[in-house]
Amino acid sequence: MLSRAARAPLSTCTRRGAVRAFATTVSQAQASPAQPESAEQGRAPRSSKGYERRPNYSDKWRVQINSKIIAGEAPPHLKTLADLSPAEITKLISNAFSMKAQAKSAVPLRIRQSLYGQTIALIFNKRSTRTRVASETATKLLGGHPMFLGGQDIQLGVNETLADSAKVISSMADGFMARVGAHEEIEELAQHSRVPVVNALSDLYHPTQILADLLTLFEHYSGVTVPQELVEQSSKHAALSTFCHEHVDLTKYLKGKKIAWVGDTNNISNELLVTLPRFGAEFAIASPKGYDMVDPRVWAKVEEAQTQSLVTLTNSPAEALKDADVVVTDTWISMGQEEEKAARLKAFSGYQITNEMVNEAGAKDSWVFLHCLPRKQEEVNDEVFYGDRSLVFPEAENRKWTILSVFDAYFGRWRI
């Protein structure tokens, strides 16, 4: 309760004095910026609750990126993992592994705010659960603002050309992720954008899904865990990065493994096809006749990487599953193929993944199962999907951590 004197109105003279005093204080503050409250020189100031306020990590990168935009330098785009070297892919997985450890530790606010003050446009012309949730939460975790733009929200490819939309959006946003139909749409958006474009899914490739698969397989086969002291002390950030860089070796854990794909050839199998063999893994695809064609553009990437010898294409699930370490499937009826449902269900009869099917085919005793979701009963039964061999839910969660790594690299720093 204020005293009567404290509640009394100020006299005109007193008010003028207060204004002059306030102006003097502001002037002094502008002339001599406040120093950090910490006694340690250069340490970040603390909030009233004692927590260190995070520095604007993105400032130095923002200056560099703006300079590149002004100079007309082409931004990096993630259209397919085929465009990246194995070392670059490993770097993305290493950073995802590192940031996942930081975010899930007792001090989750240690992740660098590389998207601080930035807006990321999320353009989705198709429905999405994991990709949308992962991209929105990843943007927020990096300090940015996710702006979701659905197919009914903007003019993309409807009343406005893709080229015009790319020019407009990239003049206002700091990056965008696009989930489209034809892969040519991603190519055109990237061609006309001033900021990085990340492929959230096209009919040809799905790079962020396969990054999640790679992180899941690395975690499963390596058993590597990050020491708690590296994620609970901000001073250990460099040590944490070094630890992850030294321990995340995809070739070490994938070379010699056999991954069997049983189902329709689609953007997921395409992305696996141009990625896994480059780490020394064997990749076998079993699809029924009429659904077994590999897109010539994808096969050209396989030939370019000279990994044909590690690829098996067959119409026999048993052949693909023999000696398999990992079993993968996906929907038989992708978005836009609903009218083909009856014909596809008939064609894929006998392709449902079951323990009996896989074991009789001679898969390794330790085989595990992956599925990008959403899953339908005809593709894999409950015994496998919810069983001990299933990695589908860690795989789904890893969509966030790998997209976090992609956004940090492409949007936050313009480099891997």
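About the cut-offs
Residues numbered from 1 in each chain as written. Predicted model: local features only at pLDDT ≥ 70, side-chain atom pairs only at ≥ 80, totals over all residues. Heavy atoms only, no water. UniProt positions renumbered as here; feature names shortened; annotations may be inferred. Salt bridge = Lys/Arg side-chain N within 4 Å of Asp/Glu carboxyl O. Helix = DSSP H or I, 4+ residues; strand = E, 2+ residues; numbered from the N terminus. Buried < 20%, exposed > 50% of the residue type's maximum accessible area, 1.4 Å probe, protein only. Pairing = 2+ DSSP bridges. Axes fitted to C-alpha atoms, helices over the stretch in contact; angles between N-to-C directions. Contact = heavy atoms within 4.5 Å. Phe/Tyr/Trp six-rings, centres within 6.5 Å; stacked < 30°, edge-to-face > 60°. Lys NZ or Arg CZ within 6 Å of the ring centre and 35° of its normal. Arc of directions from axis to C-beta. pLDDT = per-residue confidence, 0-100. Expected span 1.5 Å × (residues − 1). Bend = angle between axes of the 7 residues up to and from the residue. Right-handed = clockwise from strand over helix to strand, strands pointing away.

Per an unreviewed UniProt entry, the protein chain goes by ornithine carbamoyltransferase and derives from Papiliotrema laurentii. According to its UniProt record, the protein chain has this under Sequence similarities (unreviewed entry): "Belongs to the aspartate/ornithine carbamoyltransferase superfamily. OTCase family."

### Observations concerning the pattern of salt bridges
Two side chains bearing opposite charge may form a pair once their charged atoms approach each other closely. Enumeration according to the criterion identifies 14 salt bridges in this entry. With a closest N to O distance of 2.7 Å, Arg 112 and Asp 408 form a salt bridge. You can see Arg 112 sitting in the loop between helix 4 (86-103) and strand 1 (119-124) and its partner Asp 408 sitting in helix 18 (residues 392-413), a full 296 residues away along the chain. Judged by its relative accessible area of 17%, Arg 112 falls in the buried class. With a relative accessible area of 0%, Asp 408 lands in the buried category. We note a salt bridge from Arg 413 to Asp 408, for which the minimum N-O separation is 2.9 Å. For Arg 413, a relative accessible area of 7% gives the class buried. A cluster of three or more residues bridged by salt bridges with shared partners is formed by Arg 112, Asp 408 and Arg 413.

### A short note on the sheet that holds strand 9 (residues 368-371)
Reading across the sheet, the 5 strands line up as 7-6-5-8-9 and stay open at both edges, with parallel pairing between neighbours. Sheet topology places strand 7 (311-314) and strand 9 at the edges, where each strand pairs with a single neighbour. Ignoring which end each strand starts from, the neighbouring axes of this sheet average 20° apart. For strand 6 (residues 282-286) and strand 7, the ladder comprises 4 bridges, and the chain directions are parallel. Residue pairing for strand 7: Ala 284 is matched across the bridge by Thr 312. Here helix 8 (residues 207-222) sits on the sheet and contacts strand 8 (326-329) and strand 9; the angle it forms with strand 9, its principal contact strand, is near 160°.

### Observations regarding unusual backbone geometry
The linkage connecting Leu 373 with the following residue, Pro 374, adopts the cis geometry, with an omega of 0°. Note that Pro 374 resides in the loop between strand 9 and helix 17 (382-385). With phi around 65°, Asp 323 is a residue other than glycine that occupies positive phi space. Mapped onto the secondary structure, Asp 323 falls in the loop between helix 14 (317-321) and strand 8.

### Some words on the packing of aromatic side chains
In the structure shown here, the tally under the stated rule is 10 aromatic pairs. Aromatic pair Tyr 291 and Phe 348: ring centres 5.2 Å apart, planes at 50°, arrangement tilted. A residue pair is termed long-range when its members are at least 10 positions apart, and Tyr 291 in the loop between strand 6 and helix 13 (296-305) and Phe 348 in the loop between helix 15 (341-347) and helix 16 (355-360) qualify at 57 residues. Here the two residues Tyr 291 and Phe 348 agree in accessibility, since each one is buried. Measuring from ring centre to ring centre gives 6.5 Å for Tyr 386 and Phe 393, while their planes differ by 25°; the resulting arrangement is stacked. For Phe 393, a relative accessible area of 47% corresponds to the partly exposed category. Taken together, the aromatic side chains of Tyr 291, Trp 332, Phe 348 and Tyr 351 make up a single cluster linked through ring pairs. A cation over a ring is seen here: Arg 132 above Phe 148, with NZ or CZ 3.5 Å from the ring centre. Taking NZ or CZ as reference, Lys 257 lies 4.5 Å from the ring centre of Tyr 221, over its face.

### Considering helix 6 (residues 162-172)
Among all positions of helix 6, only Leu 162, Ala 163, Ser 165, Ala 166, Ile 169 and Ser 170 are buried. Considered in projection along helix 6, the buried side chains sweep an arc of 160° and stay on one side of the axis. Where helix 6 is buried, its residues touch strand 1, strand 3 (175-179) and helix 7 (183-192).

### With respect to the confidence of the model for the protein chain
Predicted confidence across the protein chain gives a mean pLDDT of 87, with 84% of residues reaching 70 or more. Confidence over residues 1-15 falls short of pLDDT 50; this stretch has 3 contacts with residues more than four positions distant or in other chains.

### Here we look at the sheet that holds strand 1
Judged by pairing direction, the sheet is parallel, and its 4 strands sit side by side in the order 2-1-3-4 without closing on themselves. The outermost strands of the open sheet, each flanked by one partner alone, are strand 2 (145-150) and strand 4 (197-201). Along the sheet, successive strands turn relative to each other by an average axial angle of 20°, direction set aside. Along the sheet face, helix 18 touches strand 1, strand 3 and strand 4 and points at about 135° away from the line of strand 3.

### A word on helix 18
Relative to the 32 Å expected for 22 residues at 1.5 Å per residue, helix 18 spans 31 Å between its end C-alpha atoms, a close match to the ideal helical length. The largest bend in helix 18 comes to about 30°, at Asn 398. Counting buried positions along helix 18 yields 18 of 22 residues, so the element is predominantly enclosed. Once helix 18 finishes, Trp 414 follows within two positions and takes phi at roughly 60°, a positive value.

### Here we look at the pairing of strand 4
Taken across its 5 residues, strand 4 has 5 buried, putting it largely inside the fold. Bridge count for strand 3 against strand 4 is 4 bridges, and the pairing is parallel. Note on strand 4: the bridge partner recorded for Arg 179 is Leu 201. The handedness of the strand 3 to strand 4 crossover, carried by helix 7, is right-handed.

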